[in-house]
Amino acid sequence: TERTEVNAAVVEGLVREFASSWKGGIEQINRNVLSYFSNFRNGMEILKQVLTQLLLYYTRFQDIIRRVWRSKPPAFCKDLVSTTVILAEIKKYALAI
């Protein structure tokens, strides 16, 4: 298999940016969906789909980090937001349905 170089500084920036802004991003997505879709049920279904996709992409991102730095995870790994925490936040919005 071909090995791809990963720039640790770029990954660290992504990890830190996500950690500081993910919750506000989810709130903004929720506000946008509620304002753009007049049919509440459709809006909530779209919100659920978008947040599920976000969680899937973030999980893949974490998996890549684990694979690249399998033997010695960098210090910024402590800043990764747990998928459990993200899922709990998503469930808050799902319960609003």
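Residues numbered from 1 in each chain as written. Predicted model: local features only at pLDDT ≥ 70, side-chain atom pairs only at ≥ 80, totals over all residues. Heavy atoms only, no water.

Quick notes on the environment of Leu-95
As a reminder of what qualifies: A run of H or I in DSSP counts as a helix once it spans at least four residues, and a run of E counts as a strand once it spans at least two, with each numbered from the N terminus. Buried means the residue's accessible area, taken with a 1.4 Å probe over protein chains only, is under 20% of the maximum for its type, while exposed means over 50%, and partly exposed covers the values in between.
Note that Leu-95 resides in the segment after helix 3 (83-94). Here Leu-95 falls in the exposed class, since its relative accessible area comes to 72%. Counting along the chain gives 88 residues from Leu-95 to Asn-7, while the straight-line C-alpha distance between them is 39 Å.

Section: the pattern of salt bridges
Put simply, the rule reads: Salt bridge, as used here: a side-chain nitrogen of Lys or Arg that lies within 4 Å of a carboxyl oxygen of Asp or Glu.
Applying the stated criterion across every chain yields a total of 7 salt bridges. Between Arg-16 and Asp-79 there is a salt bridge; the shortest N-O distance is 2.6 Å. In this pair, Arg-16 sits in helix 1 (residues 8-36) while Asp-79 sits in the loop between helix 2 (40-68) and helix 3, placing the two residues 63 residues apart along the sequence. Judged by its relative accessible area of 36%, Arg-16 falls in the partly exposed class. Judged by relative accessible area, Asp-79 falls into the partly exposed class, the value being 24%. In this structure, Asp-79 and Lys-78 form a salt bridge, with 3.6 Å as the shortest nitrogen-oxygen distance.

What about the side chain of Glu-89?
The condition is simple: By the convention used here, residues are in contact when the closest approach between their heavy atoms is within 4.5 Å.
If you trace the backbone, Glu-89 turns up in helix 3. Given a relative accessible area of 6%, Glu-89 falls into the buried group. Among residues more than four places away in sequence, those in contact with Glu-89 are Trp-22, Lys-23 and Ile-26.

Concerning the packing of aromatic side chains
Convention followed: Each Phe, Tyr or Trp ring, with Trp reduced to its six-membered ring, pairs with another whose centre is within 6.5 Å; inter-plane angles below 30 degrees give stacked pairs, above 60 give edge-to-face pairs, and intermediate values give tilted ones.
Evaluation of the coordinates by the stated rule reveals 3 aromatic pairs. The interplanar angle of 40° and the centroid separation of 6.1 Å between the aromatic rings of Tyr-58 and Phe-61 together place this pair among those described as tilted. In this pair, Tyr-58 and Phe-61 both sit in helix 2, 3 residues apart, roughly one turn of the helix. Taken individually, Tyr-58 and Phe-61 each receive the classification buried, so the pair is uniform in this respect. Here the aromatic rings of Trp-69 and Phe-76 are separated by 5.7 Å at their centres, their planes lie at 90°, and the arrangement is edge-to-face. Of the two residues examined, Trp-69 and Phe-76, each falls in the buried class. What links up through ring pairs into an aromatic cluster is the set Phe-18, Tyr-58 and Phe-61.

Coordinates in, geometry out; function isn't part of it.
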